[in-house]
Amino acid sequence: MTYSTGGMVASQVAGSLTNLLGRTASDATFTVTADDFTGSLVVVGSQSHHAQVAEILDRLARSPEAVRRPTRTFRLLNRDAEDVVGVVQSLISSGAVSEQRPAPAGGTRSADSADESRQSGQESAARPLQLTADPATNSIIAIGEVAELERLERLLKDLDVRRPQVLLEVLIVSLSESDSMDLGVEIDALVNGPNDTVAKLSSLFGLSSTGAGASGIEGNRGTGLTGIVLNPGDFSVVLRALQSLNEGRSLSIPKVLVASNEQASLNSVLEQPYTTLNASDTVATTSFGGSSDAGTEVSVRPQIAEGDHLRLEYQISLSAFVGDAADPSIPPPRQQNSIDSVATIPDGYTIAVGGIELTTEGYAETGIPLLSDIPLLGEAFKNRSKSGSRSRFYVFIRSTILRDRNFEDLKYLSDLRSTEMDIDDGWPEPEPRVIR
């Protein structure tokens, strides 16, 4: 015959029945088999055995609520108690944790006892498992039937596990290259004509400044190659050649340690304040107008997938001020490069997850019409400038999954950085001593 345990652990009740009735059995036909999945007992024995089993189960069903619904405390070591309570309550609402007891099949219980047991079971089933989180001790206080508490304990063993951590190194590289060349010739000449007529011919492109000499030209003390031929009686010539090469490299390497499936942010920002001018008919006041931010901003959320791969949600931004403000009341100009994406990356490798490349080329030529088109000779009547720039922005991410339960991998990586920065790790250094 099959009996319901009334919300208690079937294996524990079966052990108690075996100890109570198995010793007094006159034969070896009395057996009790527990079915923890359905919370029931399968009893094989004589009719007197079944009568004793029914009497014991009825007595257990009529026990006080404090006995049938005890209070237990489960202390969590790796997860937040309030988060776990939210997960378990969602399972309770779906019926995955609450005890589902089958109706007792067979048995020799009396009608009154069966009615009382049924009523007690209905009252117990009407009250679901009650959970309360204690943030001070990071514990869960549960009140419910014994079978429900046993099922909850097994569930918490699967939920309360330490999640691996991920050490992320984000390498942000900004490269810039520029090349510009200016080449020009200026001529300023005085031409004497008949009847004391004096004519002035000039081919000017802003390379020189006007002087007080007879030819009216002076060499402008600028950078680059400058050649001047001065003959105030006849002509003046200025030759200017200048080439500029610029190469820049900016490297930012923020590092952050974050648990799996948690959000981490790292910001290194410079604030540039600016002012505002409030003018009226009588007085003008200057006040703080705000600030403009520029720097490195990193936001990542790693999730460890199968095979130690990482599903990574990241937002990376690199900005910098590129000049002075045109007016104190406005913020300075700023250049910003940002990348926002979701990717899967391997563990332990440095992977390029994004980049921006911008190439700009320019060419300008000014000259005297017709004269600048003459081969060779036309070079004296034109000014040429050529410019080119190339900027590249790359983002590399290297991930290291830390799984050691004793944090030995984290200690090793921290020791490397502590030694590099000459920081004392707090551990005493063993020194030899002479023992006499």
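Here is what the cut-offs are and how they apply
- Throughout, a residue's number is its position along its own chain's written sequence, starting from 1.
- Local features are withheld for residues below a pLDDT of 70 in this predicted model, meaning they are given only at 70 or higher, and side-chain atom pairs are given and counted only at 80 or more; totals for whole chains, interfaces and linings count all residues.
- Hydrogens and waters are ignored; side-chain quantities use all the structure's heavy atoms.
- Secondary structure elements follow DSSP: runs of H or I no shorter than four residues count as helices, runs of E no shorter than two count as strands, and numbering proceeds from the N terminus.
- Think of it in three bands: residues with accessible area under 20% of the maximum for their type are buried, residues over 50% are exposed, and the middle band is partly exposed, with areas taken using a 1.4 Å probe on protein chains only.
- Surface accessibility follows the Shrake-Rupley procedure with a 1.4 Å probe radius. Residue values consider only the protein chains on display as shielding.
- Put simply, a nonpolar core is a bunch of buried Ala, Val, Leu, Ile, Met, Phe, Trp, Tyr and Cys residues held in one set by side-chain atoms that sit within 4.5 Å of each other.
- The contact criterion used is simple: two residues touch if any of their non-hydrogen atoms lie within 4.5 Å.
- Method remark: on a 1 Å grid restricted to protein atoms, a set of points is classed as a cavity if a 1.4 Å probe fits but cannot get out and as a pocket if it is open with protein on both sides within 12 Å along at least five of seven lines; lining residues have an atom within 4 Å of a point.
- Grid points are joined across faces, edges and corners, and a volume is the space filled by probe spheres set on the points.
- Charged means Asp, Glu, Lys or Arg here, nonpolar means Ala, Val, Leu, Ile, Met, Phe, Trp, Tyr, Cys or Pro, and polar covers whatever is left, Gly included.
- Along the chain, pLDDT gives the predictor's confidence residue by residue, from 0 to 100.

Turning our attention to the overall build of the protein chain. Counting its secondary structure elements, the protein chain contains seven helices and 19 strands. When burial is assessed residue by residue, the protein chain has 29% of its 436 residues classed as buried. In the form shown here, the protein chain has an accessible surface area of approximately 27000 Å², with 52% of it arising from carbon and sulfur atoms.

Bringing the nonpolar core into the picture now. If you look at the biggest cluster of nonpolar residues, it comprises 22 residues, and the most contacted ones within it are Leu168, Val300, Tyr314, Ile316, Val395 and Ile397. Contributing elements (two or more residues each) for this core: β7 (165-193), β13 (255-259), β15 (284-304), β16 (310-321), β17 (334-345) and β19 (382-402). If you tally residues by element for this core, the top one is β16, at five residues. In this structure, valine 395 is in contact with Val170, Leu171, Ile316, Ile339, Ile351, Ala352, Val353 and Gly354, ignoring residues within four places of it in sequence.

Before going further, it helps to spend a moment on the layout of surface pockets. There is about 330 Å³ of room inside the second largest pocket. Ser174, Leu318, Gln335, Asn337 and Ser391 are, among the 18 residues lining the second largest pocket, the residues nearest its centre. Those elements giving two or more residues to the lining of the second largest pocket turn out to be β7, β12 (235-252), β16, β17, β18 (350-367) and β19. When grouped by side-chain class, the residues that make up the lining of the second largest pocket number six nonpolar, nine polar and three charged.

This next bit is on the confidence of the model for the protein chain. Per-chain confidence: the protein chain averages 79 in pLDDT, with 81% of residues scoring 70 or above. Between residues 99-114, whose pLDDT stays under 50, and residues either more than four places distant or in other chains, the model counts 38 contacts.

A word on unusual backbone geometry. Generally, phi is negative for residues other than glycine and the peptide bonds are trans, each holding for most cases. Residue leucine 370 is not a glycine yet carries a positive backbone phi of 70 degrees. Using a relative accessible area of 70% as the deciding quantity, one classes leucine 370 as exposed. If you check the backbone angles, phenylalanine 407 has positive phi at about 60 degrees while not being a glycine. Structurally, the position occupied by phenylalanine 407 is in the loop between β19 and α7 (408-420). The class of phenylalanine 407 is partly exposed, set by a relative accessible area of 33%.

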